[in-house]
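# Results of the structural survey
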Amino acid sequence: MPLMLPEARERAVLLTDVHTVVHLDLTSTEDFGVEATISFRCTQPGASSFLELHGGTDVTLDGEPAPYADGRIALTDLAETNEVRITARMPYVHDGDGMTETIDPADGERYVCAHTSMDITQKVIPCFDQPDIKSTFALSVTAPSHWTVVANGALESREGDTWTFTTTPPFSSYLFTLVGGPWVSVTWDEPYAPAPGGTLPFGWHARASQERELRRDADELKRITSTCFQHYTSIFEPEYPYADFQQVFAPGLNWGAMEFPGCVVYRDEALKQGTPTELEREWVASTIAHEMAHMWFGDLVTMKWWNDIWLNESFADFMGYDVAGVAAGYTDAWTSAAITRKPTGYRADRRRSSHPIAEDEDNVLDADAAFANADMITYAKGNASLSQLGHWLGEEDFLAGVNKHLTTHAFGNADLADFLDSLDSESEHDVRAWAKAWLRTTGFDTLVVTRDGDVPVLTREGSRPHRLTVSAYDDAMQLVDSRDVQLGDEPVRLEEFAGRVVVPNSGDETFAVIRPDEQSWSAITAGLSSVESQLTRAVLWWTAVDLTESKVIGVGELIALADRHLRPETHPLVFEGVMRNLQTITRRYAAPDEVAGHLAVIADIAREATDGGDPALAPGASRVFARLSSDRERLVDWLGQDDVDPGVRWAAVQRLAELGEPSYIDAEAERDKSVSGHHAALTARALVPTEAAKAETWGRLMSGELGNHELDAVGAGFWGWEQADLLRPYLTRYVSEGLALAQRSGQAMGDLIGDAFPRLPLTEDVRRELRAAVASALETGDVPTVLARSWNDALDDLDRTLTTPS
Ligand SMILES: [Zn+2]
């Protein structure tokens, strides 16, 4: 039974001073054992409460069979101080929600990772599973003798096969974790003056079969970690709260990464088998910085309830991009954000499911609703809004406000009102009015340029105050001048830019789309690649994508723009980011009879960059080329060469399979037995364009037997680029059978089934049929919350592609 907000409110008042001592036994492969002693105070002696524990068997309370039902252990007649002892057997899971067991296909080694998050820690240990009841945790783990165990606390001792960790400071239950397996590790002592001895234990850990990759990347991973840590500890006033800092590339995680105190986990795919592309390198840096920011913002100071999850995520997302640049040297992280991250925020904000960044608690009554809301409004738009706030307040006042917040609420919980109190105490600006306009509303503003004679006039359609840079260019798109503009209700005349091309938000400081005037747009389309600033180029490329998605220009015009201006593009983040957008647009907006032409242009741009020899462009470009090209000879030729990157090889195998030549899959799978190879082979098999192969893949997809990442891999291959006719029967089956699968699975699988939505070029009639099938399933009301949210969003996205509204 999911915890509801009123119950959480009541329990937070009732229970205080919680301490958890827990022992886990991971030696059995059938299930694992839990023994927990939880002590706490009760503010109203005689009252009753409950602990959550999901899926336990043989559950005892103080040595007797526990009053255990609906995932709750009843605690009655509480005294002022209480101590309860729970034992249970708990199941391993394979969907990434809970104690996730994975067998590495490369070497058969077993890994067990407590992938927890909102409402999930109760699948691992008994706990008061809500963010505003914090507990200390003293953990010990018995594990197979060749394993290493890493957890929130620092390692205190190892006796035989039992690992004991130091008692942690108090944190929320959703942040509890441990990971066990034969990890390979790179460890060091990080200088930190406040720590005993002046250093803290730091480490990176990965599966044994990823040892080569970990050693290859270790110096850079250490460098990013150290520079970010030294930066945060120099700007944040509270000391780093935990006894060590471990980072793990863990299998089976559902998210990109998770900010467990003292023990951050990342998806193991982030440690690339081949040469990472520049976007992938930047992602790793900004994600390290993101998760480390959470040690303070999220872990030390935590939201009171899930409606304020934006406080965690918007802030960490903002710090992630910023600190990857200022501390770790990834100075173009904001360029990457402009063309990859921020667009996801605009797209989310256009849908009916859009919600204020800071949502009313009444709209987030349980964790399922919160999970659905942990979307790109919360991350990308929240990030962009805080970035605008920092720009508007000035960096110094913003940081002073943040520090006030962290020191006031350290080891506790805080909400939006608390955050605004902290900012307000350090700034002359009206932060509450700003928050009302930016955090409590939905949608985004449009910055419109018009001309009065030849004087550009900047107008805001919308309701928010903006501070941004406006740049003026000559007709060849050479920068003439830039100025800082405060834009509100009144239009701003740009007298000094008379006759010039103008680009508002050229520094991407605010969250708003641009509608350039005709003169400017015609110069931009003629000279986009001549704009010197890569950040401004990224903003302009996004503007072209947005104009396409808004049907102001056609997909063909966007592809033609890329044909002209992406070929000369030398910045890898802009190049790769635009490439991703072109593929997304083609998949969603192109008609089946246009696809081959668009793919040919995109593939040829990628071919030119691959053959051009620029080592920064080649890793990203060669993957796109291999995945989209119809040049079979070249693809087969690559597979005959030994030194071709594994990612490129798999892209070629997948493309050949999609083109009807599946014979390369088995050999490649034999050659590459890694986890990423296993997933790439699943994608390749799903692409094979025969009725028999599709039927087999479909059976696998809907079997309920695939692990979370396997389902993701099969779903990624099933809807081939040019397979609309072949796949037609599966469109409605996806709706009925996907729903049935979601109904018998958990939150994580519901999300993945939503991700497997048929996104391929379809005729408008077929898109309408698909739309009708999804809409009627949603009308029944039987669709689980997370999948319903995903499907409603998919319908909104489909509607944008229709020439007349449905
Ligand atoms: Zn985060």
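From a predicted model like this one, the values you see are computed outputs, not experimental measurements. The numbering scheme is per chain: residues are counted from 1 as the chain's sequence reads. Where totals are concerned, whole chains, interfaces and linings use all residues; where local detail is concerned, this predicted model gives features only for residues with pLDDT of at least 70, and gives and counts side-chain atom pairs only at 80 or more. Excluded from the side-chain calculation are hydrogens and water; included are all heavy atoms of the structure.

### Side note on the sheet that holds strand β10 (residues 110-115)
If DSSP finds at least two bridges between two strands, the strands pair. Elements are defined by DSSP. Helices are runs of H or I of four residues or more, strands are runs of E of two residues or more, and each kind is numbered from the N terminus. The strand order β9-β10-β16-β12 describes an open sheet built from four strands, whose pairing is antiparallel. Edge positions in the sheet fall to β9 (98-103) and β12 (148-151), since each of these pairs with one other strand and no more. Sheet twist, expressed as the mean angle between neighbouring strand axes with direction ignored, is 10°. With four bridges connecting them, β12 and strand β16 (residues 178-181) associate as antiparallel partners. Note on β16: the bridge partner recorded for threonine 148 is glycine 181. For every element, the axis is a line fit to its C-alpha atoms; helices are fit only across the contacting stretch, and the angle between N-to-C directions ranges from 0 to 180 degrees.

### A few points about unusual backbone geometry
Despite not being glycine, aspartate 77 shows a phi value in the positive range, around 50°. On the secondary structure map, aspartate 77 appears in the loop between β7 (72-75) and β8 (81-90). Working definition: with a 1.4 Å probe on protein chains only, accessible area under 20% of the residue-type maximum means buried, over 50% means exposed, and in between means partly exposed. On the basis of relative accessible area, aspartate 77 is assigned to the exposed category, the value being 61%. We note that methionine 477 has phi near 65°; this positive angle belongs to a residue other than glycine. Mapped onto the secondary structure, methionine 477 falls in the loop between β26 (466-473) and β27 (479-487).

### Brief notes about the packing of aromatic side chains
What characterises a pair of aromatic rings is the spacing of the ring centres plus the angle enclosed by the ring planes. The criterion for an aromatic pair is that two Phe, Tyr or Trp rings (for Trp, the six-membered ring) have centres within 6.5 Å, with stacked assigned to planes under 30 degrees apart, edge-to-face to planes over 60 apart and tilted to the rest. Across all of its chains, the model carries 43 aromatic pairs by this definition. Taken together, a centroid distance of 5.2 Å and an interplanar angle of 85° make the contact between tyrosine 346 and phenylalanine 444 edge-to-face. Of this pair, tyrosine 346 sits in helix α5 (residues 333-350) while phenylalanine 444 sits in the loop between α10 (431-438) and β24 (445-452), and the two are 98 residues apart along the sequence. Given a relative accessible area of 2%, tyrosine 346 falls into the buried group. Through a chain of ring-to-ring contacts, the aromatic side chains of Trp188, Tyr192, Phe202, Phe229, Tyr232, Phe236, Tyr240, Tyr242, Phe245 and Trp296 assemble into a single cluster. Note that arginine 11 overlies the ring of phenylalanine 50, its terminal NZ or CZ placed 4.5 Å from the centroid. Either the NZ atom of lysine or the CZ atom of arginine qualifies as a charge over a ring when it sits within 6 Å of the ring centre and within 35 degrees of the ring normal. Its end group placed over the ring of phenylalanine 718, lysine 694 keeps NZ or CZ at 4.9 Å from the ring centre.

### Observations regarding the nonpolar core
With 220 residues, the main nonpolar core has Leu24, Leu26, Met99, Leu178, Tyr232 and Trp306 as its most contacted residues. Of the residues forming this core, the biggest block, 10 residues, is contributed by helix α4 (residues 309-326). Residue types Ala, Val, Leu, Ile, Met, Phe, Trp, Tyr and Cys, when buried and joined through side-chain atoms within 4.5 Å, form a set referred to as a nonpolar core. Of all hydrophobic cores here, the second largest spans 41 residues; its members include Leu739, Ile753, Phe757 and Val783.

### Some points on the packing of helix α16 (residues 618-628) against helix α18 (residues 646-658)
Two elements in contact, α16 and α18, have axes whose closest approach is 7 Å; the angle formed by their N-to-C orientations is 15°. Viewed along their axes, α16 and α18 adopt a mutual orientation that is roughly parallel. Of the two possible hands of crossing, α16 and α18 adopt the one that is right-handed. Of the residues in α18, those in contact with Ser622, Arg623, Ala626, Arg627 and Leu628 of α16 are Gly647, Val648, Ala651, Ala652, Gln654, Arg655 and Glu658. Polar here means any residue outside two lists: the nonpolar Ala, Val, Leu, Ile, Met, Phe, Trp, Tyr, Cys and Pro, and the charged Asp, Glu, Lys and Arg; Gly therefore counts as polar. When the residues that make up the contact of α16 with α18 are grouped by side-chain class, the tally is five nonpolar, three polar and four charged. In what follows, roughly perpendicular refers to angles from 65 to 115 degrees, roughly parallel to angles under 35, roughly antiparallel to angles over 145, and oblique to any angle outside these ranges. Each crossing gets its handedness from the near helix: less than a right angle anticlockwise from the far helix is left-handed, clockwise is right-handed. In this analysis, two residues are considered to be in contact whenever any of their non-hydrogen atoms come within 4.5 Å of each other.

### Notes on the pairing of strand β1 (residues 15-25)
Pairing geometry for β1 and strand β2 (residues 32-42), over nine bridges, is antiparallel. Along β2, the bridge assignment pairs valine 21 with threonine 37. Where β1 folds back onto β2 in an antiparallel hairpin, the turn is made up of six residues. Relative to strand β11 (residues 134-142), β1 runs parallel, the two being bridged by eight bridges. By the bridge assignment, threonine 20 is partnered in β11 with phenylalanine 137.

### A word on the pattern of salt bridges
One speaks of a salt bridge when a side-chain nitrogen belonging to Lys or Arg is within 4 Å of a carboxyl oxygen belonging to Asp or Glu. By the definition in use, this model includes 63 salt bridges. Among the salt bridges present, the one from arginine 41 reaches glutamate 80, with a minimum N-O distance of 3.2 Å. Of the two residues, arginine 41 sits in strand β2 while glutamate 80 sits in the loop between β7 and β8, which places them 39 residues apart along the sequence. Taking relative accessible area as the criterion, arginine 41 reaches 33% and is therefore assigned partly exposed. Classification of glutamate 80 by relative accessible area gives partly exposed; the value is 48%. In this structure, aspartate 268 and arginine 207 form a salt bridge, with 2.9 Å as the shortest nitrogen-oxygen distance.

### Let's talk about the packing of helix α13 (residues 555-565) against helix α14 (residues 572-589)
Two quantities define a packed helix pair, namely the angle between the helix axes and the distance between the axes. The geometry of α13 relative to α14 is characterised by a closest axis approach of 11 Å and an angle of 160° between their N-to-C directions. Classed by the angle they form, the pair α13 and α14 counts as roughly antiparallel. For the pair α13 and α14, the sense of crossing is left-handed. Residue-level contacts link Val555, Leu558, Ile559 and Ala562 of α13 to Leu582, Ile585, Thr586 and Tyr589 of α14. A class-by-class count of the residues in the contact of α13 with α14 yields seven nonpolar, one polar and no charged.

### Re the UniProt feature "domain: ERAP1-like C-terminal" (unreviewed entry) in the protein chain
Mapped onto the present numbering, the UniProt feature "domain: ERAP1-like C-terminal" (unreviewed entry) falls at residues 502-798. Across residues 502-798, the secondary structure splits into 70% helix and 2% strand, with the terminal C-alpha atoms separated by 33 Å. UniProt positions are given in the numbering used here, feature names are shortened, and annotations may be inferred rather than shown by experiment.

### Observations regarding the side chain of serine 387
Within the fold, serine 387 resides in helix α7 (residues 377-393). Not counting residues within four places of it along the chain, the set of residues in contact with serine 387 comprises Phe318, Trp334 and Glu509.

### Here we look at the UniProt feature "domain: Aminopeptidase N-like N-terminal" (unreviewed entry) in the protein chain
Per the UniProt entry, the sites bearing "domain: Aminopeptidase N-like N-terminal" (unreviewed entry) are residues 108-175 in this numbering. The span residues 108-175 shows a helical share of 0% and a strand share of 44%, and its end C-alpha atoms are spaced 29 Å apart.

### Some thoughts on the environment of arginine 223
Position of arginine 223 relative to the elements: it lies in helix α2 (residues 211-235). Relative accessible area serves as the criterion here: at 33%, arginine 223 is assigned to the partly exposed category. Remark: the alpha-carbon pair of arginine 223 and alanine 285, spanning 62 residues in sequence, is separated by 10.0 Å. Other than its neighbours up to four places away in sequence, arginine 223 contacts Ala328 and Tyr330. The term polar contact refers here to a pair of N or O atoms within 3.5 Å; inside protein, the definition further demands a hydrogen-donor-capable atom paired with an acceptor-capable atom, and it admits residues adjacent in sequence only when both atoms are side-chain atoms. Only 2.9 Å separates the side chain of arginine 223 from the side chain of glutamate 220, close enough to count as a polar contact. For arginine 223, the side chain forms a polar contact with the main-chain oxygen of alanine 328, separated by 2.9 Å.

### What to know about helix α8 (residues 395-408)
By this rule, a helix spans an expected 1.5 Å times one less than how many residues it contains. Between its first and last C-alpha atoms α8 spans 20 Å; for 14 residues at 1.5 Å apiece the expected length is 20 Å, and the two agree. Among the residues of α8, those classed as buried are Phe398, Gly401, Val402, Asn403, His405 and Leu406. Contacts from the buried residues of α8 go to α2, α4, α7, β23 (413-414) and α9 (416-425).

### Comments concerning the pairing of strand β19 (residues 245-250)
Most of β19 is tucked away: six of the six residues are buried. Here β19 shows a buried face lined by Phe245, Gln247 and Phe249 and a second buried face lined by Gln246, Val248 and Ala250. Judged from the five bridges that link them, strand β18 (residues 199-206) and β19 form a sheet pairing that is parallel. If you follow alanine 206 over to β19, its bridge partner there is phenylalanine 249. Tracing the backbone out of β18, into α2 and back to the parallel element β19 gives a crossover that is left-handed. When β19 meets strand β21 (residues 263-267), the two strands line up parallel, connected through five bridges. Handedness is read with the strands pointing away from the viewer; a crossover is right-handed when the path from the first strand over the helix to the second is clockwise.

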